[in-house]
Amino acid sequence: MLLNKRIPFFYIFNKVKVELIFVLLIGLLVYFVTNKLGSFLPVMPLTIPAFIGTAISILLSFQLNQSYERWWEARRLWGSIVNNSRSLVLQLQAFIDEGNETVIKKIAYRQIGWCYVLGQTLRGQNPTDNIESFLSADELNVTKLHTNKPLAILQFHALDISKLKEGNQLDRLSHIQIDETLVRLCDAMGGTERIKSTVFPVTYRIFLHLMIYLFVITLAISLKDVIIYFELPLLVVISAAFLLLEKTATYMQDPFNNQPTDTPVTAIARNIEINIRQLLRETEVPEPQKPSDFYLL
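Reference entry: report on the structure contained in this document. Just so it is clear, the structure is predicted and the values come from calculations on it, not from any experiment. (Residues numbered from 1 in each chain as written. Predicted model: local features only at pLDDT ≥ 70, side-chain atom pairs only at ≥ 80, totals over all residues. Heavy atoms only, no water.)

## Observations regarding the packing of helix α4 (residues 137-145) against helix α5 (residues 149-166)
To characterise two packed helices, one gives the angle between the axes of the helices and the distance between these axes. To be explicit about the condition: To define axes, lines are fitted to C-alpha atoms, for helices over the stretch in contact only, and angles between the resulting N-to-C directions are given on a 0 to 180 degree scale. Secondary structure elements follow DSSP: runs of H or I of four or more residues count as helices, runs of E of two or more count as strands, with numbering from the N terminus. An angle below 35 degrees is read as roughly parallel, one above 145 as roughly antiparallel, one from 65 to 115 as roughly perpendicular, and any other as oblique. Note: crossing handedness is left-handed where the near helix turns anticlockwise from the far helix by less than a right angle, and right-handed where it turns clockwise. Contacts are assigned to residue pairs with any non-hydrogen atoms lying within 4.5 Å of each other. Polarity classes work like this: nonpolar for Ala, Val, Leu, Ile, Met, Phe, Trp, Tyr, Cys and Pro, charged for Asp, Glu, Lys and Arg, and polar for all others, with Gly in that last group.
In the contact formed by α4 and α5, the axes pass within 8 Å of each other and the chain directions differ by 140°. Here α4 lies oblique to α5, going by the angle between them. Of the two possible hands of crossing, α4 and α5 adopt the one that is right-handed. Contacts between α4 and α5 involve Glu139, Val142, Thr143 and Lys144 from the former and Lys149, Ala152, Ile153 and Phe156 from the latter. In the contact of α4 with α5, the residues fall into 4 nonpolar, 1 polar and 3 charged.

## Here's the deal with helix α3 (residues 101-122)
Cut-off, in case you're wondering: Expected span of a helix, by definition, is 1.5 Å for each gap between consecutive residues, and there is one gap fewer than residues. A 1.4 Å probe rolled over the protein chains alone gives each residue an accessible area, and that area as a share of the maximum for its type sets the label: buried under 20%, exposed over 50%, partly exposed in between.
The end-to-end C-alpha distance of α3, which contains 22 residues, comes to 32 Å, matching closely the 32 Å that a straight helix rising 1.5 Å per residue would cover. With respect to burial, α3 is a largely interior element, 16 of its 22 residues being buried.

## Let's talk about the packing of aromatic side chains
Under the convention used in this document: For Phe, Tyr and Trp, where Trp contributes only its six-membered ring, two rings pair if their centres lie within 6.5 Å, and the inter-plane angle classes them as stacked under 30 degrees, edge-to-face over 60, or tilted in between.
Scanning the model with the defined rule gives 8 aromatic pairs in all. Taken together, a centroid distance of 5.8 Å and an interplanar angle of 20° make the contact between Tyr116 and Phe134 stacked. Pair noted here: Tyr116 is in helix α3 and Phe134 is in the loop between α3 and α4, with a separation of 18 residues, a long-range link. Phe134 shares its class with Tyr116; the two are buried.

## Structural notes on unusual backbone geometry
Glycine aside, residues mostly have negative phi angles, and peptide bonds mostly take the trans form. Phi at Asn168 is positive, roughly 60°, even though this residue is not glycine. With respect to the helices and strands, the residue Asn168 is situated in the loop between α5 and α6 (172-197).

## Remarks on the side chain of His209
Here His209 shows up in helix α7 (residues 202-222). The contact partners of His209, leaving out residues within four places of it in the chain, are Glu19, Leu243 and Glu246.

## What about the packing of helix α2 (residues 47-95) against helix α8 (residues 228-253)?
Across the interface, α2 lies against α8 with an axial gap of 8 Å and an inter-helix angle of 25°. In terms of orientation, α2 and α8 fall into the roughly parallel class. Two packed elements cross with a definite hand, and for α2 against α8 that hand is left-handed. Listed contacts from α8 to Gly53, Ile56, Ser57, Leu60, Gln63, Leu64, Ser67, Tyr68, Arg70 and Trp71 of α2 are Phe242, Leu245, Glu246, Thr248, Ala249, Thr250, Met252 and Gln253.

## Quick word on α5
Selection criterion: Throughout this description, a polar contact denotes any pair of N or O atoms lying within 3.5 Å of each other; where both atoms belong to protein, one of them has to be capable of donating a hydrogen while the other can accept it, and for residues adjacent in sequence the pair is counted only when both atoms sit in side chains.
Here α5 spans 26 Å end to end across 18 residues, near enough to the 26 Å set by a 1.5 Å rise per residue. Listed in full, the buried residues belonging to α5 are Lys149, Pro150, Ala152, Ile153, Leu154, Phe156, His157, Asp160, Ile161 and Leu164. Packed against the buried residues of α5 are α2, α3, α4 and α6. Measuring from the side-chain oxygen of the N-cap residue of α5 to the backbone nitrogen of Leu151 gives 3.2 Å; that N-cap residue is Asn148. A positive backbone phi angle near 60° is found at Asn168, which sits one or two residues after α5.

Structure, rendered in structure tokens:
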């Protein structure tokens, strides 16, 4: 997640440097063609590139809106994971009879591991990295055999809660309330998986890029009487604005791609770990995730 800090210029430039090279080449090509064949080419009024630019603006507006909705939904889902993770531990402490502190701690630690596993799964990383301290060896081995590893961990939760109910350590109403919390966690997990697996149409991006390059060509022809030293920088600056907005929308489309614009799932999981450890009255808790320069992962 980008922070409210100054973003380095080279980070921004690197996102569109290839496209800007294409713009420069197009500008140079159009300049030499119009110089050689200027008498045979019709006059290109500025209204034509202006019309194409307006169309690009509308298309970009739609893409940005849809991309932000995906990013915001991902953040809301992880917000619900934070709330339900806290609620799960609070419910365990409030509803389960005394003498079951070991079981409560086991489930609480497992919930911390679930948050890390879900975040790593969404980012395409190894889901079971660095979770040995949160799951038992047997649970970890079983989890590794599952395709959906976060779901396997939720199953361990459900089995432990069921055992507590069968052992009369948890009344029926409390069992239902804890089960509803597990259902909400499963729903949030499914929502994040849906965002990850639903790809924004690639053809839309290709079409938008073609429109931007068409805009550059028509604008270059319209400015054929302008000195090339002024024309090329003008083409680059105007096209850079469109290209940067398009790149921003593209990155926001996938909020779990391990990019600076991501939903900060690692930082959120770390905060959940801190909260749960403190609910267990532990004094040694980790530090919050530190930002990497201008963003937080």
